[in-house]
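Take a look at the letters that make up each chain.
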Amino acid sequence: MLKPNGRLIITVPAHQWLWSSYDEALDYKKLYSMSTLKALLKRDNIVIEKVGYYYGLLFPVFMISRLLDRFNKTRSESKHEFLPGLVNNILNKLTEFN
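Chemist: Explain the overall build of the chain to me, and be specific about the residues and the numbers.
Modeler: When helices and strands are counted, the chain shows five helices and zero strands. Going from N to C terminus, the chain has its helices and strands arranged as α-α-α-α-α. Split into buried and exposed, the 98 residues of the chain put 15% on the buried side. Contacts spanning at least 24 positions in sequence make up 47% of the contacts within the chain whose residues lie at least 6 apart.

Listed below in structure tokens is the structure:
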């Protein structure tokens, strides 16, 4: 529950059509489009102040990676490797809330 005038920050995986073995490895259940998430929040009378996507500049990289997973059976069926430490640390820094 939020206090009166409280704020809620939500981050969820985006775009169901990008579903891949990576999402399964992270145990995600669903990916959301912005319109789907907004509809869910409005249904519960949550006032939306700002909506956007993280990693917008990296979207082409994610899209290509997910599409390659679909066409490369060996890659998609193997145990998915997570991002190297340096890349993961950089992405974490980009998304820190101050």
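Back to the text.
Chemist: Tell me about the pattern of salt bridges, residues and numbers included.
Modeler: Scanning the model with the defined rule gives three salt bridges in all. In this structure, the salt-bridge partner of Arg-43 is Asp-44, at a minimum N-O distance of 3.6 Å. For Arg-43, a relative accessible area of 57% puts it in the exposed group.

Chemist: Give a description of unusual backbone geometry that names residues and reports values.
Modeler: With a phi angle near 65 degrees, Asn-5 is a residue other than glycine that sits in the positive phi range. Inspection of the secondary structure assignment puts Asn-5 in the segment before helix H1 (21–25).

Chemist: Describe helix H3 (residues 59–71), and please don't skip the residues or the numbers.
Modeler: In this model, H3 (13 residues) spans 19 Å end to end at C-alpha, consistent with the 18 Å of a helix rising 1.5 Å per residue. When H3 is considered as a whole, its buried residues turn out to be Ser-65, Arg-66 and Asp-69. Considered in projection along H3, the buried side chains sweep an arc of 95 degrees and stay on one side of the axis.

Cut-offs used in this document
Residues numbered from 1 in each chain as written. Predicted model: local features only at pLDDT ≥ 70, side-chain atom pairs only at ≥ 80, totals over all residues. Heavy atoms only, no water. Helix = DSSP H or I, 4+ residues; strand = E, 2+ residues; numbered from the N terminus. Buried < 20%, exposed > 50% of the residue type's maximum accessible area, 1.4 Å probe, protein only. Contact = heavy atoms within 4.5 Å. Salt bridge = Lys/Arg side-chain N within 4 Å of Asp/Glu carboxyl O. Expected span 1.5 Å × (residues − 1). Arc of directions from axis to C-beta.

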